[in-house]
Each structure stands twice: as structure tokens, then as C-alpha cells.
Amino acid sequence: MTDAEMEALDEHFQAWTHYELCRAEPDVCLDEPDPEAPKALRTFIRSKQDAALARTSFKDYFERDDISALVLLIHPTQPSSDLDFAEAVSNQVRADVAEVVNQPGAPWADSGIHYSVVGPYTIKAEERETIRGDMLRSGAFGVLGVVVILYLLFRSGRAVLTLLVPLICGVTWSMALTQIVLGRLNAITSLISTVVVGMGIDAGIHFLVRVREEQGRGSDREAIARAFANLIGPLLIASATTLGAFAVMASSVFPAFQEFGLIAGFGVALCLLAMLTVYPAILCLVGVKRVGEPQAEQERRPGLLTRVVLARPGLMLALVAALTVGAAVMAPKAEFENSTRELQSARTRALYKPEVFLISKIFGKDIHAGVLVVSTLDQARAVLTQARQVQSERLADGTGTVVAELLGAPDLLPDPWIDPVKRKEAIAAMTADIPERTWKRLEERAAGGGEDGEDGLAPEDARRLQNMLKAEPVTVERLPPAIRDKVYSQDGRFAVYAYPNFDAADISMGLKFMEETAKYTEGVEGLQSDDALFVGETTVYALMYKLMQSEAPTVLAMALVLIAVIVVAQIRSLSRTLWTLAPLLLGMLWLVGLMAAAGVRFTLFNIPILPAILGIGVDNGVYLTDRIRHMRHEAGGIAHALGETGAAIGAATATTAMGFGAFCIADSGGLRGIGVLAVFGIGIAAVTAILVLPSVAAIATRRKR
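Reading the values: the criteria
- Residues numbered from 1 in each chain as written.
- Predicted model: local features only at pLDDT ≥ 70, side-chain atom pairs only at ≥ 80, totals over all residues.
- Heavy atoms only, no water.
- Helix = DSSP H or I, 4+ residues; strand = E, 2+ residues; numbered from the N terminus.
- Rg over C-alpha atoms; globule rule 2.2 N^0.38 Å.
- Buried < 20%, exposed > 50% of the residue type's maximum accessible area, 1.4 Å probe, protein only.
- Pairing = 2+ DSSP bridges.
- Axes fitted to C-alpha atoms, helices over the stretch in contact; angles between N-to-C directions.
- Contact = heavy atoms within 4.5 Å.
- Phe/Tyr/Trp six-rings, centres within 6.5 Å; stacked < 30°, edge-to-face > 60°.
- Lys NZ or Arg CZ within 6 Å of the ring centre and 35° of its normal.
- Core = buried A, V, L, I, M, F, W, Y, C linked by side-chain atoms within 4.5 Å.
- Parallel < 35°, antiparallel > 145°, perpendicular 65-115°, else oblique.
- Left-handed = near helix turned anticlockwise from the far one by under 90°.
- Nonpolar A, V, L, I, M, F, W, Y, C, P; charged D, E, K, R; others polar.

Draft legend 1. Local environment of the overall build of the chain. Scanning the chain from N- to C-terminus turns up 23 helices and 5 strands. Relative to the 2.2 N^0.38 estimate, which gives 27 Å for 705 residues, the radius of gyration of the chain is 36 Å and therefore markedly larger than a compact globule would have. Dimensions of the chain, computed from C-alpha atoms along their principal axes, come out at roughly 130 × 60 × 40 Å. By the burial criterion, 47% of the 705 residues in the chain qualify as buried.

Below is the structure:
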């Protein structure tokens, strides 16, 4: 309390003491007592208690008169990032609450009371369970979809089975290597393995298509040998570009990029190894089903795709140009999803979102504070002083503040200018002349005895007054443990809390929170602004966004450069390299334009797969340009190249899209976003390659003639 408040306490206490004396011994009372003295003292005590609670924000129960709800805070002993612990503590709390609520004969029995256990622990546990379900459902859907596509393409159960054997080998090897390198296999790892199933089969599809094409020129073994010799170059280039993209992702410091790149890279590499070793051996052992006698070259009729693309190549390129212009117009309108609640499942949002906002309404703030840890009490005091000054300035200039409340150890301690020795002397002087009878009366009320009427001191008020009159100099060590442990750690460091006035799931507001709170530590002695951050649920997604924002352009650029280097090193022609990469670049522009047009947003979950789309998408150009280059001088060669390779590209694209598309049926909003973006990107990359490359080749061939 300030000196003025101490004088007010002395005045109220002396008036109450006189009132008690006069009531007990009216004959010795010279001055008329103030009948309002007990009420005035009680009001003063309660006002100081309310002020203390408002400063600390530490209560076990919270409620508001205008809301028929009560909030009980539970503080687990481990962080919510430990998903096993989060699940265990959520289940335990639910079981304990259910046991209490369902007690027979309890006052609340049959009252219709509703309860909800909510917070980072329960939400993360719920999302973990959702992803487990998504893993099984999406994995089954992806694998089944790949099998159906293979059968529709080859019309042979033998072909499907022989392709699945090396695929299973590659996926199993990659899971084992993931366990060795990362030391864990979890739901997310398994979901990425579904993607590997879709990508790992691509090499086998191209190989089997080429073997079937070569069957008319000799035995199965000769066809397998010729197909292997002709396709090994494009296979290695295509796989190298995909692996290059994943390697760049794995080198990122952004965990989402890093882990996805590592696991997917292992999968693609080992599936390729299986397709180049196990698959040819299996085909030699079981043979390749013949699909009818091959037609003579002159009797081959181009398919519908070939006729559409090559009938009017100039018109086709004009259509591509128009679509590109449209995509360029729409691309700036693409948006980023700022609410991380949209990354949760619909069930999680329905269960917890209303409760989260109700709790924020009760508290008048979001209770997920950002926490700054400092080394000394003086640093904590300096940060709080500067923070409140920054808040005042922002409110004065109209900028506004995104921080609802600040709290630190200095708020729980006397102002540093208060002399504890003099304050103790003042308390001693205040209580020196109190009659013994009055002390006894106060102790009776504190113990719940005696009667003071409605306006007198309640037992709780009496206990608080006793504590005030017996107070010792307050230090951090003397704070009640329940409060001290929130602001002071066992290793001697201090916590400063900044409570947001917005939903902590809003990334854009989290960025503003980081911007504002960064000013709280500027110039504070002993604190480096780059390291002195308020961290917590409020800032975790904002920090991820900033890291992704700084990493994504670099990772994408590095992936594109590495892809270009690999292609030019293998093709050894700058013009053909540009020709191969052009559809990929157009496809990325179309992708962004389509995202904007379809209202699909980029998220923290799906942006990390953009480099993967680059690495996968360039494969179409590699296979198609290689086939066109070898057949462009033959009569109908471009049409034949498009017909045969286009079918393989379509099938490979379908299986890869199926691997990612399995995410589209997931309950998790984040996983669905990955699936939609990947299907769009991979599909568009195939379309641009099929439309652009044969059209350009056809026009070039006609001009030469």
C-alpha cells in the first residue's frame, strides 16, 4: 500500500477499534463511536483484496455476474507439447470431473449442469486422436486408389501385383530408415508414407509402359533390357529433381520443411532403388502380360488426347497464354489462412471454440499469456515500466494496444521506494494502543465466532485485517507459493506476463503482439532484443509464420535452381532445359491463380509442400521432352510420344495425386489443405506439360519442313 493508503487504513482501524471499545464498555467511551466504522473498514479491506486479485490474476475460480458459468484453472506439471502427457492429463481431468458431477445425491444432481474441459492440452490431445483416425482412413483410401488406377491403366492383376512388390519394399525400407534417423515413427510419419506410395510407384509405371511398348520387338527379357536402357536416363533425372527438392526442404531450419523433406526424400530414393533392382528381376521371373499384337506404325491411330492437343497446336498455345494471363490477374488475390483454428478438425472447433471464447469473455482477455523470462527483479521492473509506457503512448496516438494486461513479480511487491523498516514501525504504532479485548474480538471473528451483523466484519475480512496488521516486509521469497511460483523460478529467474486482448489462434494478431512486446524490452539493460521475446500459445504460430516467411522463398528458389542444374547437367542443352522447365513455371503461376479463384488459402501446413510440387512437377517435362526428342524425326513421332508418354504421365500423376489426395478426406483442416494444394499443383503441372511441350514441338517441326 502507498503511504496515503496506510493512513486510510490507520484511520479506519482506529475508528473500528473505538467502535468496538464503546460497544463493549460504553461507560468508558468518551466520544460517540461512528456506527459506520465496521462497514467502512470492511469496505476498505475488500477493496484492497479486490485490487490485489486484479493485479495478480491468480485465483482458482473465476466467474462473472452476467455469465452463468464458472471457470476452474488447472495447472499441469508438463508442457502441452508433450502429446502423451497432454492426452493423459486430459483423460484424467475428464474422468475426475465426471466422477464429481455424477455423484448421487449431490446438490447439483439432476440440475442440468454442463461442464467442458478445454485448453491447449485437450485440444492437442483431440487433434492427435483425429490425425490417428485420418491416418488409417486416408492411408487406406490412398493405397486403394493407387491400386485402382494401376488396374485401370494396365488392365492386368499381374501388372498391379508386380508393381506393388517393389513399392512395398521401398516404403518399408524408408520407414525403417526414418526410425533410425529420426528415432520415431508417428501418425504424421505414416501420413507422409501415404504420399510416398503415390510418388514411389511413378518410376515403375513409366518402366512398365515402356516394356509393353518394346514387347513387339522380341522376348520379354529383351523388352525389359531395352526399356531399362532407354529409360534409365530420364528416370534418374526425374528422380534427382524430386530428391533435390526434398533435400533442399530437409536442409531448412523450419521443422515442417525439414521433416517432410527428410521422410519423403528417403521414400522416393528407396522406392526408386526398389524399382530399378527388384522390379526388373520380378518381371523377368513372372513375365509381362501381352495386351495384343502391336499395330504397325502406319496403322496406329492417335488417341483423343493426341488429336485434341496436336490438331491446332497454335490455338492450344493461345489458350495456354490466355489461361496464363488469367492466372496472373488472379494470383495477387491469393490469401493466407490466419486462423489456426481452421487447421483443426470441424469436431474440435465445434467442441471447444465456443468454450474458449466464453472463457475469454469471463476473464476479459485471452488467458494464454506471452511470457518473458528475465534474470533479475530489476529487469522485470524495467520491462513492466517500459511496457506500460509503450501502451500509454500507443493509446494516446491512436495506434491501440493488443495487450490486455501485464503482470510480473514487481506488481506483487511493495514499491521500491517504500522503506520496509519505517513501514513496520508504522504498523507497530497503529496497533500499539489496541485493547486486549479488541484483539480477542478480532480473533473470534477470524475464527468464525461472534456476530458483527451484515455490515460488520465477516470472518474472511477479519483474517485479512489480521494479516495486514501482522505483515512483515514483503519479498519474493515470502510470497505465497501458489503466486510466487508463477513469477519466480527455482533457478532465480523472473517471469513477466503479457495477456493478449485477442484470440491467441489469430496469426496476424500474434504478429502485432510480437511487434508491440518487442518494444517492451528495447534498451533494458542486460536484455538483447532479438532473444528477449514474450513466448507462449499467443506467439507460437506467429513465430512459425515468421520462420516460414523467411525460409519459404529461399527454399523454393534453392529447389528451383537445383532442379535446373540437375536437368541441364543431364540434358547438356540450355534450350532443352528451358523447354523442360517452362511448363513447370507456368504451372506454379496457374496454381496460385487457381487457389485464389477457388478460395483455397495457403496455410502453415500446406506451404511446405510447394518445393515438393516443383520436384514432382518437373518429372513430366523430363519424360516428355526425352521421348519427343527421340521420336520427333519419325512420321507421327510426336503424336506417338504424346500418346505413350502422356498416358504414363497421366497415370503417374494420378497415383501421386492420389497419395496426396488421401489427405482431402481427412477431418483435420490442416491435412485437407495439404491434399487440396498438392492435387491442384501436381495436376496442373501435368496439364501444362502435356499442352505446352507437344504443341511447341509440333510447331517447330512444321516450320522446319
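After that view of the structure, there is still more to cover.
Draft legend 2. Representation of the sheet that holds strand β4 (residues 403-408) within the structure. The antiparallel open sheet is built from 3 strands, whose spatial order is β3-β5-β4. Pairing within the sheet leaves two strands with one partner each, and these edge strands are β3 (370-374) and β4. Shown here is a sheet whose adjacent strand axes are inclined to one another by a mean of 15°, direction ignored. Helix α18 (residues 507-520) contacts β3, β4 and β5 (494-500) of the sheet and is inclined by roughly 40° relative to β4.

Draft legend 3. How the structure looks around the packing of aromatic side chains. Scanning the entire structure with this criterion turns up 8 aromatic pairs. Between Phe207 and Phe228, the ring centres sit 6.2 Å apart and the planes meet at 85°, which makes this aromatic pair edge-to-face. Of this pair, Phe207 sits in helix α7 (residues 202-214) while Phe228 is found in helix α8 (residues 220-250), placing the two residues 21 residues apart along the sequence. For the pair Phe502 and Phe513, a centre-to-centre distance of 6.1 Å together with 70° between the ring planes defines the contact as edge-to-face. With Phe502 in the loop between β5 and α18 and Phe513 in helix α18, the pair connects residues that are 11 residues apart, well separated along the chain. The pair formed by Phe502 and Phe513 is uniform in burial state, with each residue classed as buried. An aromatic cluster of three or more residues is present, and its members are Phe207, Phe228 and Tyr279. A cation over an aromatic ring shows up here: Lys365 above the ring of Tyr499, its NZ or CZ 4.1 Å from the ring centre.

Draft legend 4. Expanded view of the nonpolar core. Phe260 and Phe660 are the most contacted members of the largest nonpolar core, which totals 104 residues. Element by element, the count of residues in this core is highest for helix α23 (residues 669-704), at 14 residues. In this structure, Phe260 is in contact with Ile192, Phe246, Met249, Gly265, Ile609, Ala612 and Phe660, ignoring residues within four places of it in sequence. Counting 33 residues, the second largest nonpolar core, distinct from the first, contains Ala409, Tyr499, Met509 and Phe534.

Draft legend 5. Representation of the side chain of Thr242 in the model. Positionally, Thr242 belongs in helix α8. Thr242 gets classed as buried once you look at its relative accessible area, which sits at 5%. Once residues within four sequence positions are removed from consideration, Thr242 is found in contact with Val268, Gly615, Ile616 and Asp619.

Draft legend 6. Highlighting the packing of α8 against helix α21 (residues 610-631). With their axes 8 Å apart at the nearest point, α8 and α21 run at an angle of 165° to one another. Classed by the angle they form, the pair α8 and α21 counts as roughly antiparallel. The handedness of the crossing between α8 and α21 comes out as right-handed. Across from Asn230, Leu231, Pro234, Leu235, Ile237, Ala238, Thr241, Thr242, Ala245, Phe246 and Met249 in α8, the residues of α21 making contact are Pro611, Ala612, Gly615, Ile616, Val618, Asp619, Val622, Tyr623 and Asp626. Across the contact of α8 with α21, the residue classes tally to 14 nonpolar, 4 polar and 2 charged.

Draft legend 7. Summary view of unusual backbone geometry. Phi at Arg155 is positive, roughly 55°, even though this residue is not glycine. Checked against the element boundaries, Arg155 lands in the loop between α4 (120-154) and α5 (157-182).

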